Amino acid sequence: MAAFPYEIVSVPGDKALENWTKLKAAGRGYPVVLGGDEDLMNIAGRFVADRGGNTEAMPESAQTPSQILKSANAIHFPEVLKTQDNALADQDIEAMMGEWPTGSLPDEAGLSVATDILTGRSFKTVHIVLVPTKTGSEVPAYMKWGGWNACPMPDVQVAALRSWNERFGAELIGMSGDVLNLRVPKPLDSREKALALAKEMYRYCPDIVDQGVSEISILAACLMAQRWWVFWWD
């Protein structure tokens, strides 16, 4: 933990969102709920070069926040998703569309990083990091977040969060080792918008459909009914 450069505030798990709101208003940096102890150690470990505990960034995360932000400024999102390694083809998208759902939708996940996925209960303690920026979209640059498996690199994460904030008012609230929790002021108001965004989200994070709701149309319906967006990468 000595390598982790940002202030951490620990709070009861069932009070995580309440404390996030207070910390955001306090202006001490942008607050992000990291989750429980394991999530905190996972993220903090990215700031350690080796098992000896050197307080330098790991080689694959060696760029500074300013370098990542500069790179993000040159990225056109969501167009960049079509040029990434292992990018989904248009036919892959169409194959996962499905029919518009007529039954009940999956439950809204909410602030999932504050919850034990096995029990469904809030962690006894969660950790909120205060990142030295005023904008949630810049957090992946400071946290060196992204770039493993199919998860987009930190500069693409910044571009994605910036675009969604500008278009939909989406705010980053939770970030664990492999999960992002965003919240929007209100659900989308048309099927056309929801389907377009759901396709975009599937390109960005295939797991939310492939291992989650199973069809893009169901994801779109959720976007019209719910305010929380949850992404994860195995």
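About the cut-offs
- Residues numbered from 1 in each chain as written.
- Predicted model: local features only at pLDDT ≥ 70, side-chain atom pairs only at ≥ 80, totals over all residues.
- Heavy atoms only, no water.
- Helix = DSSP H or I, 4+ residues; strand = E, 2+ residues; numbered from the N terminus.
- Rg over C-alpha atoms; globule rule 2.2 N^0.38 Å.
- Buried < 20%, exposed > 50% of the residue type's maximum accessible area, 1.4 Å probe, protein only.
- Contact = heavy atoms within 4.5 Å.
- Areas by Shrake-Rupley, 256 points an atom, 1.4 Å probe, with all protein chains shown as cover.
- Disulfide = S-S within 2.5 Å.

## Structural notes on the overall build of the chain
Phase 1: Within the chain, the secondary structure is distributed over nine helices and six strands.
Phase 2: Its C-alpha radius of gyration of 17 Å places the chain within 12% of the 17 Å reference for a compact globule of 234 residues.
Phase 3: If one aligns the C-alpha atoms of the chain with their principal axes, the spans along those axes are about 50 × 40 × 30 Å.
Phase 4: The proportion of buried residues among the 234 residues of the chain is 47%.
Phase 5: Pairs at least 24 residues apart make up 74% of the contacts formed inside the chain by residues separated by at least 6 positions.
Phase 6: A total of about 11800 Å² of accessible surface is found on the chain, and carbon and sulfur atoms cover 49% of it.

## Looking at the state of the cysteines
Throughout this description, disulfide means a covalent bond between two cysteine sulfur atoms.
Phase 1: This structure, assessed with the given rule, holds zero disulfides.
Phase 2: Sulfur of Cys151: no disulfide; nearest cysteine sulfur belongs to Cys205 and is 7.6 Å away.
Phase 3: Residue Cys151 is classed as buried on the basis of its relative accessible area, which comes to 4%.
Phase 4: Free of any disulfide, Cys222 has its nearest neighbouring cysteine sulfur in Cys205, separated by 14 Å.

## Quick look at the side chain of Ser217
Phase 1: Within the secondary structure, Ser217 sits in helix H9 (residues 216-223).
Phase 2: Contacts of Ser217, omitting those with residues within four sequence positions, involve Met97, Gly98, Glu99, Trp100, Pro101 and Leu195.

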